[in-house]
Amino acid sequence: MGLLDILLGRTKPVAPDLDQLFALPSAAITLQAAAGFTPTGVGAVCFATVEGAAFEQTHREVQALLDADAERTGPPVELCQDGYGYSWLVSRRTPEQLPQLVNDLHAVNSSMEVNGFGPQLLCSLAAFEDERGRHLGLVYLYKRGTFYPFAPLSGTGERRDNPLELQVQSMLANDLRIEQDLGRWFPVWGAPGL
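Predicted model, so just to flag it, every value in this text is computed and none were measured.

Asks: How should I be thinking about the packing of aromatic side chains in this particular structure?
Replies: How two aromatic rings sit relative to each other is given by the distance of their centres and the angle of their planes. In this structure the tally under the stated criterion is three aromatic pairs. The interplanar angle of 20 degrees and the centroid separation of 6.0 Å between the aromatic rings of Tyr148 and Trp185 together place this pair among those described as stacked. One end of the pair, Tyr148, is in strand β6 (residues 146-150); the other, Trp185, is in the segment after α5 (162-171), and 37 residues separate them in sequence. Summarising the burial analysis for this pair, Tyr148 and Trp185 share the class buried.

Structure, rendered in structure tokens:
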């Protein structure tokens, strides 16, 4: 970064650190002990939809890689689109297989990045639920290298449980790199698993 960048207020973007995803299993232990939230076994990677043969080839390779896992039980990895036009590659595991789910999320992000589709990656999400049926997503912002909690309120349209999100933020401050700018805690309405 040069002097002109400093004077004009430009900042260097944070490089994505996909290895941060591997902190999710230990954060899940903290989350369960402190708030009773357990993994649901659903995780997803969100990206801006891209047209073209190169992207289709990358998507097929990623899906084949994840579907080839002999330990996978249940449905294969699926591609879906939300109401806002974003694509989600969804992986489903048993709730006890959070480390394998994290490996799936890492593999999807890495494959897309290696094949030149890093700019289309938006976020990754791991879903959690408590005994009262409340849903919580731990969202990894690809371009920021940080996490934030997203807690939609069920049955109330597009509203979120802000007190719960702030509570989870303080609980996981030692486990995950939490996004400090609350303005970047974007709602992910319609995200798989939430």
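Asks: Which parts of the structure should I look at to understand the packing of helix α3 (residues 53-67) against helix α4 (residues 98-114)?
Replies: When two helices pack together, you describe them by how their axes are tilted relative to each other and by the distance separating the axes. Packing of α3 against α4 brings their axes to within 10 Å, and their N-to-C directions diverge by 155 degrees. Taken together, α3 and α4 sit at an angle that is classed as roughly antiparallel. The interaxial crossing formed by α3 with α4 has right-handed handedness. Across the interface between the two elements, Phe55, Thr58, Val62, Leu65 and Leu66 of α3 pack against Asp104, Ala107, Val108, Ser111 and Met112 of α4. Residues of the contact of α3 with α4, tallied by class, amount to seven nonpolar, two polar and one charged.

Asks: Before we go on, may I ask you to explain the nonpolar core in this structure?
Replies: Inside soluble globular proteins, nonpolar side chains tend to come together where they are buried. Ranked by internal contacts, the top residues of the largest apolar core, which has 56 residues, are Leu31, Trp88, Phe128, Leu172, Leu176 and Val188. The element best represented in this core is α4, accounting for seven residues.

Asks: Would you mind going over the environment of Asn109 with me for this structure?
Replies: Relative to the helices and strands, Asn109 is located in helix α4. The exposure class of Asn109 is buried, given its relative accessible area of 1%. Remark: the alpha-carbon pair of Asn109 and Leu122, spanning 13 residues in sequence, is separated by 9.7 Å. In this view, Asn109 contacts Leu18, Leu21, Val45, Leu121, Ser124 and Tyr142; residues no more than four positions away in its chain are not counted. At 2.8 Å, the side chain of Asn109 and the side chain of Ser124 are in polar contact.

Asks: What exactly am I supposed to notice about the environment of Leu166 here?
Replies: Secondary-structure assignment places Leu166 in helix α5. The exposure class of Leu166 is partly exposed, given its relative accessible area of 41%. Separated by 15 residues in sequence, Leu166 and Ala151 have C-alpha atoms that sit 9.9 Å apart.

Conventions used here
Residues numbered from 1 in each chain as written. Predicted model: local features only at pLDDT ≥ 70, side-chain atom pairs only at ≥ 80, totals over all residues. Heavy atoms only, no water. Phe/Tyr/Trp six-rings, centres within 6.5 Å; stacked < 30°, edge-to-face > 60°. Helix = DSSP H or I, 4+ residues; strand = E, 2+ residues; numbered from the N terminus. Buried < 20%, exposed > 50% of the residue type's maximum accessible area, 1.4 Å probe, protein only. Axes fitted to C-alpha atoms, helices over the stretch in contact; angles between N-to-C directions. Parallel < 35°, antiparallel > 145°, perpendicular 65-115°, else oblique. Left-handed = near helix turned anticlockwise from the far one by under 90°. Contact = heavy atoms within 4.5 Å. Nonpolar A, V, L, I, M, F, W, Y, C, P; charged D, E, K, R; others polar. Core = buried A, V, L, I, M, F, W, Y, C linked by side-chain atoms within 4.5 Å. Polar contact = N/O pair within 3.5 Å; in protein donor to acceptor, adjacent residues only side chain to side chain.

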